[in-house]
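Below are the chains, spelled out letter by letter.
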Amino acid sequence: MIRDPESFTLLLDTLQRFVREKLIPREAEVTETDEIPADVLTAMRGLGLFGLTIPEEYGGLGLTTEEEVLTSMAVCYASPVFRSRFGTNTGIGSQGIVIDGTPEQKKKYLPRLAAGEITGSFALTEPEAGSDAGSLRTTAKRDGDHYILNGSKRYITNAPEADIFTVMARTDLNSKDAKGVSAFIVERNTPGLTVGPYDRKMGQRGSHTADVIFDDVRVPASSVIGGKEGQGFKTAMKVLDKARLNIAAVCTGAAERLLDEALNYARERRQFGKPIAEFQLIQAMLADSKAEVYAARSMVLEAARRKDAGVNITMEASCAKLFAAEMVGRVADRAVQIHGGAGYMQASAVERLYRDVRLFRLYEGTSQIQQLVIARHLLKDG
Ligand code: CAA
């Protein structure tokens, strides 16, 4: 649903200009320094990017799902690490509070998340609990009006930058599955919480992940999201439903960029006396990529519209994430192929994007987890 087409078009135009004029020219610098420059962060805050999905009453833009995915596609025409910096505020690091938080929790955190004054982060994955998220081992033991958290989380996006974490921890210490899990808001400066060094990754330089360690971290009982124990896994899954659809949009934006890079190169590069774009074997790679990008875009928009209409889209979000994450891998591979040797060189945007997009088949649920979710829904619905 687009609420006001005229002002939304203005927003998209502004974002597209920002991507072209301010983000793409800084990509190489971000890769080189592994940091997003301070002036770019300030500009992203100024555009309201940290609060895109946070309700207007808390200072965000309150975008609908359709508006959100369209903005993600636009922003991810530039390196996906720019979106990753604010993506935990608009996605997994705020949505637990938006969807299930108490009025007090919303009032306390959402305005500062929306303004980009603080950074949110989502701490579900652990060294021994990746795809089997329900088996997590971090504990939260009740102690009067407090809980005491112990355990460790792994590969947590924006942990080095984060001011608050949504932490899934086991409050029913006798349980082993998803039922005994609660979600907490834990502030960064709480004694006993430490963040490890940056992980050294295959790609996505400029977007940081790290371990988060909890050693007798004491938090007030009021930090349980929604104020109710045992709901944390469901909160995490609801957050991921929305996040997976958004990652599909991220993949689509990145694929559109890769296709344009390939197209431009094919038009300019001459071999056998003419531009390689005139060879049908190159055209086939371009055409296959376009068809797949269009399919992903259509899936994402259709699922987003269904969500805005109030339909449960758990299965559709997994379909879109599965298809789009695999699709962008194929498009990146063809873009490198069309560039030939130039595509293997670090000076080339497609070399960097090829490594960056590999992550999308892994995080927020691997492709295999999406297959599992889809199959479970198919079998249940039958
Ligand atoms: N919405 C609401 N509730 C949901 C739900 C959803 N989408 N999915 C499951 N639930 C509920 C179920 O109904 C069930 O509730 P009841 O007990 O009341 O019936 C409960 O949650 C447990 O569900 P399951 O029995 O299906 O749980 P499971 O243990 O079999 O796990 C899974 C399901 C789909 C495999 C899940 O563990 C999963 O998604 N795993 C992948 C984890 C993942 O995506 N990790 C990514 C980490 S975040 C990340 O990558 C972010 C980053 O850094 C950028």
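Not measured: the values here are computed from a predicted model.

Thresholds applied
Every chain begins its residue count from 1, and numbering advances along the sequence as written. Selection of residues for local features in this predicted model requires a pLDDT of at least 70, selection of side-chain atom pairs for listing and counting requires 80 or more, and totals for whole chains, interfaces and linings are taken over all residues. With hydrogens and water excluded, all non-hydrogen atoms of the structure serve as input to the side-chain values. It suffices for a single heavy atom of a residue to lie within 4 Å of a molecule or strand for the residue to be listed as near it. Nitrogen and oxygen atoms within 3.5 Å of one another constitute a polar contact, given that in protein one can donate a hydrogen and the other can accept it, and given that sequence-neighbouring residues count only through two side-chain atoms. For every accessible area listed, the method is Shrake-Rupley and the probe measures 1.4 Å; residues are considered covered only by the protein chains on display. Counting from the N terminus, the helices are DSSP H or I runs at least four residues long and the strands are E runs at least two residues long. We call Asp, Glu, Lys and Arg charged. Ala, Val, Leu, Ile, Met, Phe, Trp, Tyr, Cys and Pro are nonpolar, and the rest, Gly among them, are polar. Residue ranges assigned to each domain were obtained from an automatic or database domain assignment. Should any heavy atoms of two residues lie within 4.5 Å, those residues are counted as being in contact. When two parts are brought into contact, each loses some accessible area as probed by a 1.4 Å sphere; the total of that loss over both is the buried area. The working definition used for a salt bridge is a side-chain nitrogen of Lys or Arg within 4 Å of a carboxyl oxygen of Asp or Glu. In a helix, the anticipated span is given by 1.5 Å times the number of residues less one. Between buried and exposed lies partly exposed: a residue is buried under 20% and exposed over 50% of the maximum accessible area for its type, with that area taken using a 1.4 Å probe on protein chains only. As used here, the arc is the angular range of directions from the helix axis to the C-beta atoms.

Caption draft 1: Geometry of the site of the ligand. Of all residues adjacent to the ligand, which total 24 residues, the nearest are S131, T157, K234, R244 and R376. Measuring from a nitrogen atom of the ligand, one finds a backbone N or O atom of S131 at 2.8 Å. Within the side chain of K179, one N or O atom sits 3.3 Å away from an oxygen atom of the ligand. Burial of the ligand by the protein chains amounts to 72% of its free accessible area of 1100 Å². By residue number, the principal contributor to the shell around the ligand is helix α8 (residues 232–268), which donates 7 residues. Grouping the amino acids of the shell around the ligand by side-chain chemistry returns 11 nonpolar, 6 polar and 7 charged. No fewer than three residues from each of domain 2 (120–230) and domain 3 (234–381) sit in the shell around the ligand.

Caption draft 2: Layout of the domain arrangement of the protein chain. Taken domain by domain, the protein chain holds domain 1 (5–115), domain 2 (120–230) and domain 3 (234–381). Once you take the C-alpha centre of each, domain 1 and domain 2 turn out to be 23 Å apart. On the domain 2 side, the residues contacting the 24 residues of domain 1 number 22 residues. Roughly 1800 Å² is buried in total at the junction of domain 1 and domain 2, and carbon and sulfur atoms are behind 53% of that figure. Considering only the side of domain 1, the residues that lose the most area to domain 2 are D34, Q105 and Y109, jointly responsible for 27% of the buried surface there. The interface formed by domain 1 and domain 2 includes 1 salt bridge. Note that K108 and E187 form a salt bridge whose closest N and O atoms lie 3.5 Å from each other. Across the contact surface, domain 1 and domain 2 share 17 residue pairs in polar contact (both at pLDDT 80 or more). Among the elements of the structure, α2 (27–33), α5 (80–90), α6 (95–100) and α7 (103–115) are those that each provide at least two residues to the side of domain 1 that touches domain 2. The element best represented in the side of domain 1 that touches domain 2 is α5, accounting for 6 residues.

Caption draft 3: Representation of helix α12 (residues 367–381) within the structure. With 15 residues, α12 should cover 21 Å at 1.5 Å per step; its first-to-last C-alpha distance of 21 Å lies within 8% of that length. Along α12, the residues that are buried comprise S367, I369, Q370, V373, I374 and H377. Buried residues in α12, looked at end-on, bunch into an arc of 165°, giving them a common side. Summarising the geometry of α12, the exposed residues directed more than 90 degrees from the buried face are Q368, R376 and L379. For α12, the secondary structure elements touched by its buried residues are α8 and α10 (314–339).

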